[in-house]
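So the chains spell out like this:
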Amino acid sequence: MRNIKWIVLVVVILSMIAPMAMAQDSGEGLTIGFSQIGSESAWRTAFTNAVKAEAEARGINLLFSDAQQEQENQIAAMQAWIAQGDVDAIVLAPVVVSGWDVVLEEARDAGIPVVIVDRNVDSDPSLYVTRVSSDFVHEGRLAAAWLVQATSGNCNIVELYGTVGSAAAEDRATGFREVIGMFSGMEIIASETGNFVRTEGKQVMESILSSEDPANICAVFAHNDDMAIGAVEAIKEAGLVPAEDILIVSVDAIPDIFDSLDAGEVNATVELSPFMGGPAFDAAIAYLNGEDVPKWIPVGGGLYTNRADYDATH
Ligand code: AHR
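These numbers were taken from a predicted model, which means no experiment stands behind them. (Residues numbered from 1 in each chain as written. Predicted model: local features only at pLDDT ≥ 70, side-chain atom pairs only at ≥ 80, totals over all residues. Heavy atoms only, no water.)

With that settled, the discussion passes to the pairing of strand β8 (residues 219–222). Residues A219 and F221 point to one face of β8 and V220 and A222 to the other, with burial holding for every one of them. Alignment of strand β6 (residues 155–161) against β8, held across four bridges, turns out to be parallel. Counterpart to I157 in the pairing with β8 is A219. Pairing analysis gives three bridges linking β8 to strand β9 (residues 247–252), with the strands arranged parallel. Residue V220 lies in a different strand from β9, and its bridge partner there is I248. (Buried < 20%, exposed > 50% of the residue type's maximum accessible area, 1.4 Å probe, protein only. Helix = DSSP H or I, 4+ residues; strand = E, 2+ residues; numbered from the N terminus. Pairing = 2+ DSSP bridges.)

Quick look at the structure:
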């Protein structure tokens, strides 16, 4: 009789522990701080919304901080979470590559794991668990490869640069230059930052169209779709036909760019998935459970010239 009581007790305890373990796997009950760059682009907003939805679906208490494009705001938010000791982990989408060492060391010293998402940092990788991101260099290569084949390797290019010092801009520029550098007829004749913002992309394109002979511009490589859409407006206002007089290739694959593709106003976009919250939470949870996590968790994406091809693969 005594033994049966013990067996029942053990079964009851085990039945309580099993759901707790499952909850830990999904992240339920965890508090995670998410330091987001801001809302400069439609892609960024989609990414924010996807992370929030993922947290809600998992029962994660997400502390969201919008840094309004300022690195110091990101660092202040992280330092507040660290000082209060109220987060189990931090997810950081860094605005620029450099300047994270001190706050990452503070997180490490407090025993709070940090997962980097989207853009990169140049800190020692031992200071963070992993980075969940696409390969921005590859995105630049894909855009360049499309442009080379569309122009038979002869093209004067305007580059609408993303935020200077950000991994997304620097790496896309690197990959793009790697490929066009193989073709003597491919040349970047102007490169200016539009900070990944639609209105700034338009302004920069307007100024380039007024300083360059438009007939000398073969294509625009925009580091994101929002700046490409801004460039489309500038090109139309200048009396030119976008995607015909001036080819346009960009990055992100936001819904608006498919409207532009449907309208024949841009030529191609490279996809950047906004669904990085799930893998980021999984990585934080795995780390908290004592599991090994690879230093890079890649998120893939292809190049699309029309909506049908994108829809067929999503
Ligand atoms: O870091 C990714 C880039 O940031 C996106 O391509 C751009 O739209 C965003 O602002």
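On to the site of the ligand. Neighbouring the ligand are E40, S41, W43, R44, D118, R119, A168, R172, F196, N224, D252 and L272. One of the side-chain nitrogen or oxygen atoms of R172 is found 2.8 Å away from an oxygen atom of the ligand. The separation between an oxygen atom of the ligand and a polar side-chain atom of D252 is 2.6 Å. The fraction of the free accessible surface of the ligand (280 Å²) that becomes covered by protein chains is 100%. Those elements that provide at least two residues to the shell around the ligand are α2 (42–58) and α6 (167–180). Taken together, domain 1 (20–134 + 273–298) and domain 2 (136–272 + 304–313) each give at least three residues to the shell around the ligand, which thus spans both. (Near = heavy atom within 4 Å. Polar contact = N/O pair within 3.5 Å; in protein donor to acceptor, adjacent residues only side chain to side chain. Areas by Shrake-Rupley, 256 points an atom, 1.4 Å probe, with all protein chains shown as cover. Domains from an automatic or database assignment.)

This part covers the domain arrangement of the chain. Domain parsing of the chain yields domain 1 (20–134 + 273–298) and domain 2 (136–272 + 304–313). Taking only C-alpha atoms, the centre of domain 1 and the centre of domain 2 are 30 Å apart. Facing 14 residues of domain 1, the contacting portion of domain 2 comprises 17 residues. Buried area between domain 1 and domain 2, summed over both chains or domains, comes out near 1200 Å², and the portion from carbon and sulfur atoms is 59%. (Contact = heavy atoms within 4.5 Å. Buried area = accessible area lost by both parts, 1.4 Å probe.)

If you look at the biggest cluster of nonpolar residues, it comprises 63 residues, and the most contacted ones within it are V115, V117, M205, V220 and F281. Counting residues per element, this core draws most heavily on helix α8 (residues 225–237), which supplies seven residues. Each of domain 1 (20–134 + 273–298) and domain 2 (136–272 + 304–313) contributes no fewer than three residues to this core. M205 has contacts with V158, V220, A231, A234, I235 and I246, leaving out every residue within four places of it along the chain. Residues A143, W146, L147 and C218 belong to the second largest nonpolar core, which totals 19 residues. (Core = buried A, V, L, I, M, F, W, Y, C linked by side-chain atoms within 4.5 Å.)

Here the focus is a negative patch on the surface. The grouping of D101, E105, D122 and D124 at the surface amounts to a negative patch. Within the secondary structure layout, D122 lies in the loop between β4 (114–117) and β5 (130–133). Taking relative accessible area as the criterion, D122 reaches 46% and is therefore assigned partly exposed. (Patch = residues over 30% accessible without salt bridge, like charges linked within 9 Å, V, L, I, M, F, W, Y side chains within 5 Å. Salt bridge = Lys/Arg side-chain N within 4 Å of Asp/Glu carboxyl O. Lys, Arg positive; Asp, Glu negative; His and termini not counted. Charge placed at Lys NZ, Arg CZ, Asp CG, Glu CD.)

Moving on to the packing of aromatic side chains. For the coordinates displayed, the defined rule picks out six aromatic pairs. A centroid spacing of 5.9 Å and a plane angle of 75° characterise the contact between F34 and F47, whose relative ring orientation is edge-to-face. Taken as a pair, F34 in strand β1 (residues 31–36) and F47 in helix α2 lie far apart in primary sequence, 13 residues in all. Here F34 falls in the buried class, since its relative accessible area comes to 0%. Counting every residue linked through ring pairs, the aromatic cluster contains F34, W43, F47 and F64. Seen from the ring of F64, K52 lies directly overhead, with NZ or CZ sitting 4.2 Å from the centre. Just above the ring of Y128 sits the side chain of K295; from NZ or CZ to the centre is 5.3 Å. (Phe/Tyr/Trp six-rings, centres within 6.5 Å; stacked < 30°, edge-to-face > 60°. Lys NZ or Arg CZ within 6 Å of the ring centre and 35° of its normal.)

What follows covers the sheet that holds strand β11 (residues 296–298). Where strands meet in a sheet, backbone hydrogen bonds hold them as pairs that are either parallel or antiparallel. Taken together, six strands build an open sheet; the order of strands is β2-β1-β3-β4-β5-β11 and the sheet is parallel. In this open sheet, the two edge strands, each paired with only one partner strand, are β2 (61–66) and β11. For this sheet the average axis-to-axis angle between neighbouring strands, irrespective of direction, equals 20°. Summarising the sheet, β1 and strand β3 (residues 89–92) pair through four bridges and their orientation is parallel. (Axes fitted to C-alpha atoms, helices over the stretch in contact; angles between N-to-C directions.)

Moving on, we come to the sheet that holds strand β10 (residues 268–271). Overall, mixed pairing links the six strands, which are arranged β7-β6-β8-β9-β10-β12 in an open sheet. Among the strands making up the open sheet, the edge pair consists of β7 (186–193) and β12 (303–304). Taken strand by strand, helix α9 (residues 255–262) contacts β9, β10 and β12, and its axis lies near 155° from that of β10.

Another point: the pattern of salt bridges. Should their charged atoms come close, side chains of opposite charge can pair. The full count for this structure, using the stated rule, is 17 salt bridges. A salt bridge links R44 to D118; the shortest N-O distance between them is 2.9 Å. You can see R44 sitting in helix α2 and its partner D118 sitting in the loop between β4 and β5, a full 74 residues away along the chain. In this pair, the class of R44 matches that of D118, namely buried. The shortest N-O distance in the salt bridge between R108 and D109 comes to 3.1 Å. The exposure class assigned to R108 is partly exposed, which follows from its relative accessible area of 46%. Assessed through its relative accessible area of 59%, D109 is described here as exposed. Within this structure, E40, R44, D118 and R119 form a network of salt bridges that share partners.

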